Amino acid sequence: MSSHVFSSLASSYLCSSSSSSSASASKSTFDGVYATAHDAEVYASILSQATTGNHSCVGRKPILVAQPASVGDVKRVLALTQAWVREGNGNVDAPPLCICGGGHSELCVLEGAILLHMKRLNDVHVDVGAQTVTIGPGVTLGDVQEEAAKHGMAVPTGVFSGVGVGSILMGGVGRLARKHGLSVQNVVELDMVTADGELHTLNAEAKGLDAELFWAARGAAPALGVVTRIVVRAFNVSPDVVYGTAVVRLPPSAADRPLADAAADKLAGIERILRSLPEGQQVDLCLAPPTSAASDAGGIRLGIFPCSIDGPFRSEDGEAIGFDVTKLGTCRFCDIPYHSMEEDADASPGADTSSNDVEGAVSQASAGVFSYVRQRFVDELGEEGMAILAAAASEAPTGDSLIMLQHCGGATRRGGSRGLETPRESLAFTPHDWEFSVVIIALWTDTSDDARRDAMRWADGAFNALQSHGAGLYAVDIDPFRRPSSTHDEVMQAYGDANLRRLRDLKQKVDPLGLFRGTVKLQ
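Residues numbered from 1 in each chain as written. Predicted model: local features only at pLDDT ≥ 70, side-chain atom pairs only at ≥ 80, totals over all residues. Heavy atoms only, no water.

*Asks:* So what exactly am I meant to see when it comes to the overall build of the protein here?
*Replies:* Check the secondary structure of the protein and you find 14 helices and 19 strands. Taking all 523 residues of the protein together, 56% fall into the buried category. Contacts in the protein between residues far apart in sequence, at least 24 positions, make up 72% of those at least 6 positions apart. Counting every atom, the protein has about 19900 Å² of accessible surface; 49% of that belongs to carbon and sulfur. (Helix = DSSP H or I, 4+ residues; strand = E, 2+ residues; numbered from the N terminus. Buried < 20%, exposed > 50% of the residue type's maximum accessible area, 1.4 Å probe, protein only. Contact = heavy atoms within 4.5 Å. Areas by Shrake-Rupley, 256 points an atom, 1.4 Å probe, with all protein chains shown as cover.)

*Asks:* Help me out: how do you make sense of the sheet that holds strand 8 (residues 187-193) in this one?
*Replies:* Hydrogen bonds along the backbone pair up the strands of a sheet, which may run parallel or antiparallel. In space, the 5 strands of this open sheet follow the order 5-6-10-8-9, with antiparallel pairing throughout. Among the strands making up the open sheet, the edge pair consists of strand 5 (124-127) and strand 9 (199-203). Shown here is a sheet whose adjacent strand axes are inclined to one another by a mean of 15 degrees, direction ignored. Of the strand pairs in this sheet, strand 8 and strand 10 (residues 226-233) are connected by 6 bridges, and their pairing is antiparallel. (Pairing = 2+ DSSP bridges. Axes fitted to C-alpha atoms, helices over the stretch in contact; angles between N-to-C directions.)

*Asks:* Please clarify how the nonpolar core should be interpreted in this entry.
*Replies:* In a soluble, globular protein the nonpolar side chains are often hidden away together inside. Among the nonpolar cores identified, the biggest contains 101 residues, and Ile403 and Tyr495 are the most heavily contacted of them. Residues Ala10, Leu64, Ala83 and Ala195 belong to the second largest nonpolar core, which totals 26 residues. (Core = buried A, V, L, I, M, F, W, Y, C linked by side-chain atoms within 4.5 Å.)

*Asks:* Please explain helix 11 (residues 382-394) as it appears in this structure.
*Replies:* Each turn of an α-helix holds 3.6 residues, which means side chains three or four residues apart point in the same direction. The end-to-end C-alpha distance of helix 11 is 18 Å, a good match for the 18 Å that 13 residues give at a rise of 1.5 Å each. Here helix 11 has its buried residues at Gly382, Gly385, Met386, Ala387, Ile388, Leu389, Ala390, Ala392 and Ala393. (Expected span 1.5 Å × (residues − 1).)

*Asks:* Is there a simple way to explain the state of the cysteines in this structure?
*Replies:* A covalent bond between the sulfur atoms of two cysteines is what we call a disulfide. Counted according to the given criterion, the structure contains 0 disulfides. Among the cysteines around Cys98, which has no disulfide bond, Cys100 carries the closest sulfur, lying 7.8 Å off. We classify Cys98 as buried; its relative accessible area is 3%. The thiol sulfur of Cys108 is not disulfide-bonded, and the nearest other cysteine sulfur, from Cys100, lies at 4.5 Å. (Disulfide = S-S within 2.5 Å.)

*Asks:* Teacher, can you tell me more about the pairing of strand 8 here?
*Replies:* Each regular strand carries side chains that alternate between the two faces of the sheet. Counting buried residues in strand 8 gives 5 out of 7 residues, a clear majority hidden from the surface. In this structure, strand 8 lies alongside strand 9, joined through 5 bridges in antiparallel fashion. Along strand 9, the bridge assignment pairs Glu189 with Asn203. A loop of 5 residues connects strand 8 with strand 9, the two strands running antiparallel in sequence, and Gly197 in this loop sits at a positive phi of about 90 degrees.

*Asks:* When you look at the sheet that holds strand 1 (residues 33-35) in this model, what are you seeing that I'm missing?
*Replies:* One open sheet accounts for 4 strands, arranged 1-2-4-3; its pairing is mixed. Edge strands, defined here as strands with exactly one partner in the open sheet, are strand 1 and strand 3 (97-100). Taken pair by pair, the neighbouring strands of this sheet meet at an average axis angle of 15 degrees, ignoring direction. In the sheet, strand 1 pairs with strand 2 (residues 64-67) via 3 bridges, with the strands oriented antiparallel.

*Asks:* Which parts of the structure should I look at to understand the packing of aromatic side chains?
*Replies:* The description of an aromatic ring pair rests on the distance of the ring centres and on the angle between the ring planes. One pass over the full model with this rule turns up 9 aromatic pairs. For the ring pair Phe160 and Tyr338, a centre distance of 4.8 Å and an interplane angle of 85 degrees mean the geometry is edge-to-face. You can see Phe160 sitting in the loop between strand 7 (153-154) and helix 6 (166-170) and its partner Tyr338 sitting in the loop between strand 16 (329-331) and strand 17 (370-378), a full 178 residues away along the chain. Every member of this aromatic cluster is reached through a ring pair, and the members are Phe377, Phe429, Trp434 and Tyr474. Across from the ring centre of Phe214, 3.7 Å away, lies the NZ or CZ of Arg218, which sits over that ring. One cation-aromatic arrangement involves Arg376 over Phe463; the distance from NZ or CZ to the ring centre is 3.9 Å. (Phe/Tyr/Trp six-rings, centres within 6.5 Å; stacked < 30°, edge-to-face > 60°. Lys NZ or Arg CZ within 6 Å of the ring centre and 35° of its normal.)

*Asks:* Sorry, what's going on with the packing of helix 8 (residues 208-220) against helix 14 (residues 487-510) here?
*Replies:* Axis angle and axis distance: for two packed helices, these are the angle between their axes and the distance between the axes, and together they describe the pair. For the pair helix 8 and helix 14, interaxial distance at closest approach is 11 Å and the crossing angle is 125 degrees. On the basis of their axis angle, the class for helix 8 and helix 14 is oblique. Between helix 8 and helix 14 lies a crossing of left-handed hand. On helix 14, the residues touching Leu209, Glu212, Leu213, Trp215, Ala216, Gly219 and Ala220 of helix 8 are Tyr495, Asn499, Arg502, Leu503, Leu506 and Val510. (Parallel < 35°, antiparallel > 145°, perpendicular 65-115°, else oblique. Left-handed = near helix turned anticlockwise from the far one by under 90°.)

*Asks:* When you look at the confidence of the model for the protein in this model, what are you seeing that I'm missing?
*Replies:* Detailed reading of the predicted model is not advised wherever pLDDT is low. Taken residue by residue, the protein gives an average pLDDT of 89. The fraction at 70 or more is 89%. Confidence over residues 16-27 falls short of pLDDT 50; this stretch has 17 contacts with residues more than four positions distant or in other chains. Note that pLDDT drops below 50 for residues 344-359; the model gives that stretch 34 contacts with residues more than four away or on any other chain. (pLDDT = per-residue confidence, 0-100.)

*Asks:* How should the packing of helix 1 (residues 3-14) against helix 4 (residues 71-86) be read in this particular structure?
*Replies:* Contact geometry of helix 1 with helix 4 gives a least axis separation of 9 Å together with a crossing angle of 140 degrees. Here helix 4 runs oblique to helix 1, going by the angle between their axes. Once helix 1 is placed against helix 4, the crossing between them reads as right-handed. Contacts from Phe6, Leu9, Ala10, Tyr13 and Leu14 in helix 1 reach Arg76, Val77, Ala79, Leu80, Ala83 and Trp84 in helix 4. Considering only residue class, the contact of helix 1 with helix 4 consists of 10 nonpolar, no polar and 1 charged. (Nonpolar A, V, L, I, M, F, W, Y, C, P; charged D, E, K, R; others polar.)

*Asks:* Is there a simple way to explain the side chain of Arg218 in this structure?
*Replies:* Topologically, Arg218 is positioned in helix 8. Buried and unpaired, Arg218 has Glu212 as its nearest opposite-charge partner, separated by 9.5 Å. Here the side chain of Arg218 touches Phe214 through a polar contact of 3.1 Å, landing on its backbone oxygen. With residues up to four places along the chain from it excluded, the contact list for Arg218 reads Leu169, Val184, Val187, Thr422, Ser426, Leu427, Ala428 and Phe429. (Lys, Arg positive; Asp, Glu negative; His and termini not counted. Salt bridge = Lys/Arg side-chain N within 4 Å of Asp/Glu carboxyl O. Polar contact = N/O pair within 3.5 Å; in protein donor to acceptor, adjacent residues only side chain to side chain.)

Now the structure itself:
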């Protein structure tokens, strides 16, 4: 279908006028804004907003970009997508639709697809009595936490404030997980528009198809429909949450002992302490190569990021893990900074080399930075698993690449906060028996194919080396476009055989044309 024919088709579904870029013309049917490449200014503006969360998306050209301002707008875009698929865009290798909330995922913007950018649906409402927060799909996790903080509460979410709320329905691994569970274990209700344009309100009282959708949405929502509202639990937290950062350099290998083994002793000891901490305390870890300025010293950097919502850490625990409890600070939960591995390059091995410059922390959202992510849930690493991670960190392709261990366990295993547990069989989200989410993040700026291949080879190698320690995968990090040959196996590891068969049956009922195949590959 030519671009001009598509533009005509889009106008017939989204606007009663022939000019899709005219705000006044679109008001009669479309409450938000949309454009094709023919409407260069509007198109570029929306696309720029959608790609700020992940630099790898820059340069991709959707066939249409739309920012809906109402549920009705979402329905119109889905009707357009259905018509487009039926009239010739049926290539299974070219997903017809992509959905962008915060834009953190590389799957948020896809080449040649219709882009549904949810930014205008950005309401956040806190119900203090019910201890819930109702959120629109266009807000970020930072927006949610900031609004909750005004009422002395926090929501179990991931740690990166710029991530969209889609992560809440896929899992949501963060600082409250040990005490109150994952995001997905705390979803109370949601609204979803399925491919046929039907709006479904899903909750524990739902029956029939809606009951099945409520089960499936909590773990695989992006593959089944467009979520336009989420209600999630919030929990009271102190205004003085304890947090801190320590970056220490583990020493290089000795003549009779490789680096991996030397580091494994220290890391395995830290792991034992972390597993014994009270549920209101958690400590994320990051492993990275030395900075370029310190590379001659060898070794690896170990980032230690303690957080407590239940009072101070014990001094002996801090000493054993590697941080000084007297140097920890306090702040509102929503103000805890993202993990930064900045360090003093002249410090000696074993010294705390952390820097207060967290604003400069490099991530996939940084301008000019490309990214590639692999992930495994792991219950216990021990010396063997820690040696694998230490060796991988020392061989990272760039100084900004790292391996993050997000510390959970506790309520994550139970299904949520005590007295509010969500039974495992109530969720499509499958992995529960794990202590750490190990996230392998390759970051690079070199635009060459060799640099990309080196980065991907490193991340894949570390991921494969951890296979025997795995306890499942996080579906949000499955990349069907850069790893098509392994996607089926990854989806199986994320959901398990029984849940995957159930999801596929439901997918065939509610999305037979595969409008949402650009995310989790269920078909």
